[in-house]
Amino acid sequence: MNDSITNNSPIDPIDNEIKPEYDLAKMKCRPNPFAKRLGQQLTLSLDAEIVDYFETAAREQGISCQELMVRYLQDCAVNNRPLSTELPLTATGDLYDHKR
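So, a few notes on the structure that sits alongside this text.

Conventions adopted
Residues numbered from 1 in each chain as written. Predicted model: local features only at pLDDT ≥ 70, side-chain atom pairs only at ≥ 80, totals over all residues. Heavy atoms only, no water. Helix = DSSP H or I, 4+ residues; strand = E, 2+ residues; numbered from the N terminus. Expected span 1.5 Å × (residues − 1). Buried < 20%, exposed > 50% of the residue type's maximum accessible area, 1.4 Å probe, protein only. Arc of directions from axis to C-beta. Contact = heavy atoms within 4.5 Å. Patch = residues over 30% accessible without salt bridge, like charges linked within 9 Å, V, L, I, M, F, W, Y side chains within 5 Å. Areas by Shrake-Rupley, 256 points an atom, 1.4 Å probe, with all protein chains shown as cover. Salt bridge = Lys/Arg side-chain N within 4 Å of Asp/Glu carboxyl O. Phe/Tyr/Trp six-rings, centres within 6.5 Å; stacked < 30°, edge-to-face > 60°.

A look at helix 2 (residues 48-61)
(1) Moving on: Helix length check: helix 2 (14 residues) gives 20 Å between terminal C-alpha atoms against 20 Å at 1.5 Å per residue, within 8%.
(2) Moving on: Listing the buried residues of helix 2 in full gives F54, A57 and A58. Along the long axis of helix 2, the arc covered by the buried residues comes to 105 degrees, so they all point the same way. Seen from the buried face of helix 2, the exposed residues on the opposite side, beyond 90 degrees, are A48, R59 and E60.
(3) Moving on: On its buried face, helix 2 is in contact with helix 3 (65-78).
(4) Moving on: G62 occupies a position one or two residues after helix 2 and carries a positive phi of about 75 degrees.

Observations regarding unusual backbone geometry
(1) Moving on: One non-glycine residue, N80, lies in the positive phi region at around 50 degrees.
(2) Moving on: You can see N80 is positioned in the segment after helix 3.

Brief notes about a nonpolar patch on the surface
(1) Moving on: Where nonpolar side chains cluster on the molecular surface, the patch consists of I11, I18 and Y22 and spans about 250 Å² of accessible area.
(2) Moving on: Its location among the elements puts I18 in the loop between helix 1 (3-6) and helix 2.

A word on helix 3
(1) Moving on: Here helix 3 spans 20 Å end to end across 14 residues, near enough to the 20 Å set by a 1.5 Å rise per residue.
(2) Moving on: Directly beyond the C-terminal end of helix 3, a positive phi value near 50 degrees is found at N80.

Some details on the packing of aromatic side chains
(1) Moving on: Counted according to the given criterion, the structure contains two aromatic pairs.
(2) Moving on: Residues Y53 and F54 carry aromatic rings whose centres are separated by 5.2 Å and whose planes lie at 90 degrees to one another, so their mutual orientation is edge-to-face.
(3) Moving on: What makes F54 buried here is its relative accessible area of 15%.
(4) Moving on: Both rings, one in F54 and one in Y72, keep their centres 6.1 Å apart while their planes meet at 70 degrees; by these two values the pair is edge-to-face. Pair noted here: F54 is in helix 2 and Y72 is in helix 3, with a separation of 18 residues, a long-range link.
(5) Moving on: Members of the aromatic cluster, each reached through a chain of ring pairs, are Y53, F54 and Y72.

What follows is the structure in structure tokens.
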């Protein structure tokens, strides 16, 4: 069998040089077609109750907590769900205060 056909290495075995198709310096640049769809990084401080809720739900779904939060927020945005700015009650019945 011909080694040049079966060799999947980016290095040419004969002259020990990088194969032209793998030489990044000679590649033509083009914009990333997925760049518009890349997420924007955001940092949030969440109360332990909220984190616990999403971590438990994520385990039940078999996905990461971050993925569950992203999917939930996507669902809200896609379905144009109305948002409430009223402070809800916590699990103990106290008024939720995010400034704690």
